[in-house]
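Structure assessment
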Amino acid sequence: MKASENKATLSFSNGGQNVELPIYKGTLGPDVIDIRKLYAQTGMFTYDPGFMSTASCESAITYIDGDKGELLYRGYPIEQLATNCDFLETCHLLLYGELPDEAKKTNFTKLVTNHTMVNEQMQFFLRGFRRDAHPMAIMTGLVGALSAFYHDSTDINNPKHREIAAIRLIAKMPTLVAMAYKYTVGQPYMYPKNELSYAGNFLHMMFATPCEEYKVSPVLERALDRIFILHADHEQNASTSTVRLCGSSGTNPFAAIAAGVACLWGPAHGGANEAALNMLYDIQKAGGVEKIGEFIKQVKDKNSNVKLMGFGHRVYKNYDPRAKLMQETCKEVLGELGLENDPLFKLAMALEKIALEDEYFVSRKLYPNVDFYSGIVQRAIGIPVPLFTAIFALARTVGWIAQLNEMIGDPDYKIGRPRQLFEGSAKRDVKPIAQR
Ligand code: SDX
């Protein structure tokens, strides 16, 4: 980051001493006012619950232009990556800052492929869950449990250890998600097959059984690989900020990623894809397209607490570019599967059209986000609804670990420890119970 000639001067109406604050410029996006010395100079904190106006770190990984609806991974537009690259090339880009050449791609793919198996002991963690446990509850447990197998071999401050932890996590997430799924359907786990692609191997572990050969569909393989690319990273969103804060204590990277999994589960965040599909099911059950008006009316009624799931975004005040690509993938997959007239997809497009013409959504700049269409395409691929967010976690693991490693790799990083505006009781004495 570089200092701007511009400075911020803070003045106080009660005559307090003015404070001058430096302003820094990044490569793209808003400048920042450096308030690190504010408390020492004024005895005051800034106040920004939800971090609406706060940059928590400097980063070189992902940039979002919310007004234009642009998303760049290490400077490359998401549209170009989703069309010209595969997920492992994107992982290499996010982790190391550059797209791999042929040789690097071969090596990286081999490295990831050779870490896809999990320790045989991992299967015993699943037995503690009920068969109908939510896959994200299982994943939060399994990813945290990985710490137990690598805790003593992961010195988070050793770059080589950080790199192998990244490879292990990227490689093992598909295996763990597939195990979580197989456990809930009572089928045996399928081991990874090294001759398959990353997405192909996941499809195989999900849908193959020991009883017969499973043929990976190239259409589904490509669609899933693209879904992984679209979900890989997204600046300092809630789960990434969770991973950074958790990792800032120097904890095991597996534990920090488990914290990210837990945060992503929320319906306001990664859980929105499951919630969006259930919302479409509800509208369909209530009567389909002709019931959209009634549903939108409910959404606009603040007391209903009903939101249009898959719509709106803290940063995008334009169409989420991932939603556009997801809609395209939807059309491709449904077309290939002969499901062009899928009623849910038609309902989603009708709902989107109505919402985008409605003043309530237009005035609040609410557009479809990545979660609006992702459920429809995952359902078409055969992925059960409760597993959608686990797929999001699988794909976002590379972003979380790249962001965590970027933070830990900065020699000046500190443990994150926000302050507060205290509004509780002033100091008081405990009375004997008879006087309370
Ligand atoms: C993801 O941060 C990321 O980058 C996240 C993510 C990633 O890749 O990591 O992009 C993934 O989490 C996408 C978002 C998925 N969530 C949903 O689709 C859930 C539905 N969306 C909302 O919950 C909401 O839009 C948020 C949480 C996504 C953003 O909320 P903000 O930025 O806090 O905005 P807000 O709640 O202050 O909304 C502003 C106004 C409010 O109305 P008013 O108070 O002005 O009257 O818009 C309304 C909100 O009530 N609003 C919605 C709405 N989203 C916002 N009203 C109806 N339906 C919605 N979906």
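Everything below is about the structure printed above this text.
Keep in mind it's a predicted model, so treat the numbers as computed, not measured.

A few points about the overall build of the protein
A count of helices and strands for the protein gives 18 helices and 6 strands. Computed over the C-alpha atoms, the radius of gyration of the protein is 24 Å, within 12% of the 22 Å expected from 2.2 N^0.38 for a compact globule of 436 residues. For the protein, the C-alpha atoms occupy an extent of roughly 80 × 65 × 55 Å along the three principal directions. Residue burial in the protein is summarised as follows: out of 436 residues, 46% are buried. For the protein, the share of sequence-separated contacts (at least 6 apart) that also reach a separation of at least 24 residues comes to 70%. As presented, the protein carries roughly 22300 Å² of accessible surface, and 54% of it is formed by carbon and sulfur atoms. Taking the 47 positively charged and 48 negatively charged side chains of the protein as two groups, their mean positions are separated by 6 Å.

Side note on helix H9 (residues 218-230)
Along its 13 residues, H9 runs 18 Å from first to last C-alpha, staying within 8% of the 18 Å computed at 1.5 Å per residue. Within H9, the full set of buried residues consists of Leu220, Ala223, Leu224, Asp225, Arg226, Ile227, Phe228, Ile229 and Leu230.

Some details on the side chain of His115
As for its placement among the helices and strands, His115 is situated in the loop between helix H4 (102-113) and helix H5 (122-126). Setting aside residues no more than four positions away along its own chain, His115 makes contact with Ile164, Ile167, Arg168, Ala171 and Lys172.

Some details on the sheet that holds strand S4 (residues 62-65)
Sheet strands associate in pairs through backbone hydrogen bonding, adopting either a parallel or an antiparallel arrangement. One open sheet holds the 3 strands; their spatial order is S4-S5-S6, and the pairing between them is antiparallel. The open sheet has two edge strands with one neighbour each: S4 and strand S6 (76-77). Two strands pair when backbone bridges link them, and S4 and strand S5 (residues 70-73) are joined in this way by 4 bridges, in the antiparallel orientation. Bridge assignment links Asp65 to a residue of S5, and that residue is Glu70.

Regarding the nonpolar core
The tendency in soluble globular proteins is for nonpolar side chains to be buried as a group. Within the largest apolar cluster, 120 residues are counted, with the highest numbers of intra-cluster contacts made by Phe228, Leu308, Leu351 and Ile381. Contacts of Leu308, omitting those with residues within four sequence positions, involve Met279, Phe295, Val299, Leu351, Ala355, Phe361 and Phe372.

Notes on the packing of aromatic side chains
This structure, assessed with the given rule, holds 15 aromatic pairs. Look at Tyr319 and Tyr367: their rings are 6.4 Å apart centre to centre, the planes differ by 50°, and that puts the pair in the tilted class. Residue Tyr319 is located in the loop between helix H13 (292-300) and helix H14 (321-336), and its partner Tyr367 is located in the loop between helix H16 (359-363) and helix H17 (371-381); the two are separated by 48 residues in the primary sequence. An aromatic cluster of at least three residues, connected via ring pairs, comprises Phe311, Phe345, Tyr360, Phe361, Phe372 and Tyr373.

Considering the site of the ligand
The full set close to the ligand counts 24 residues, and His234, His313, Arg314, Arg322 and Arg396 are the nearest of them. Between an oxygen atom of the ligand and a side-chain N or O atom of His234, the distance comes to 2.6 Å. Contact distances for the ligand include 2.9 Å between an oxygen atom and a side-chain N or O atom of Asn369. Burial of the ligand by the surrounding chains reaches 77%, relative to a free accessible area of 1000 Å². Taken together, the residues of the shell around the ligand sort by class into 10 nonpolar, 7 polar and 7 charged.

Quick look at the packing of helix H10 (residues 238-247) against helix H11 (residues 253-264)
Packing of H10 against H11 brings their axes to within 8 Å, and their N-to-C directions diverge by 150°. Between H10 and H11, the angle falls in the class roughly antiparallel. The interaxial crossing formed by H10 with H11 has right-handed handedness. Every residue of H11 that contacts H10 at Ala238, Ser239, Thr242, Val243, Cys246 and Gly247 is listed here: Ala255, Ala256, Ile257, Ala259, Gly260, Cys263 and Leu264. Residues belonging to the contact of H10 with H11 are distributed by class as follows: 9 nonpolar, 4 polar and no charged.

Here we look at the environment of Val398
Within the secondary structure, Val398 is located in helix H18 (residues 388-408). Each C-alpha atom of the pair Val398 and Leu169 lies 7.9 Å from the other, and the pair is 229 residues apart in sequence. Setting aside its immediate chain neighbours within four residues, Val398 contacts Phe87, Cys91, Leu94, Leu95, Ile170 and Ala232.

Comments concerning the side chain of Arg162
Within the fold, Arg162 resides in helix H7 (residues 159-185). As a buried residue without a salt bridge, Arg162 has its nearest oppositely charged side chain in Asp155, at a separation of 6.9 Å. Every residue in contact with Arg162, bar those within four places of it in the chain, is listed here: Ile156, Asn157, Asn405, Ile408 and Gly409.

Section: the sheet that holds strand S1 (residues 2-10)
If you trace the 3 strands from one edge of the open sheet to the other, you get S1-S2-S3, paired in antiparallel fashion. Two strands close off the open sheet at either side, each with one partner strand: S1 and strand S3 (32-33).

A word on the pairing of strand S2 (residues 19-25)
Sheet topology note: the S1/S2 ladder contains 6 bridges and is antiparallel. Bridge pairing links Leu10 to Val19 in S2. In textbook terms, the turn of a hairpin is the stretch between consecutive antiparallel strands, and for S2 and S3 this stretch comprises 6 residues, one of which, Gly29, has a positive phi near 85°.

Thresholds, definitions, all that
- Residues numbered from 1 in each chain as written.
- Predicted model: local features only at pLDDT ≥ 70, side-chain atom pairs only at ≥ 80, totals over all residues.
- Heavy atoms only, no water.
- Helix = DSSP H or I, 4+ residues; strand = E, 2+ residues; numbered from the N terminus.
- Rg over C-alpha atoms; globule rule 2.2 N^0.38 Å.
- Buried < 20%, exposed > 50% of the residue type's maximum accessible area, 1.4 Å probe, protein only.
- Contact = heavy atoms within 4.5 Å.
- Areas by Shrake-Rupley, 256 points an atom, 1.4 Å probe, with all protein chains shown as cover.
- Lys, Arg positive; Asp, Glu negative; His and termini not counted.
- Charge placed at Lys NZ, Arg CZ, Asp CG, Glu CD.
- Expected span 1.5 Å × (residues − 1).
- Pairing = 2+ DSSP bridges.
- Core = buried A, V, L, I, M, F, W, Y, C linked by side-chain atoms within 4.5 Å.
- Phe/Tyr/Trp six-rings, centres within 6.5 Å; stacked < 30°, edge-to-face > 60°.
- Near = heavy atom within 4 Å.
- Polar contact = N/O pair within 3.5 Å; in protein donor to acceptor, adjacent residues only side chain to side chain.
- Nonpolar A, V, L, I, M, F, W, Y, C, P; charged D, E, K, R; others polar.
- Axes fitted to C-alpha atoms, helices over the stretch in contact; angles between N-to-C directions.
- Parallel < 35°, antiparallel > 145°, perpendicular 65-115°, else oblique.
- Left-handed = near helix turned anticlockwise from the far one by under 90°.
- Salt bridge = Lys/Arg side-chain N within 4 Å of Asp/Glu carboxyl O.

Function cannot be inferred from these measures alone, as they are strictly geometric.
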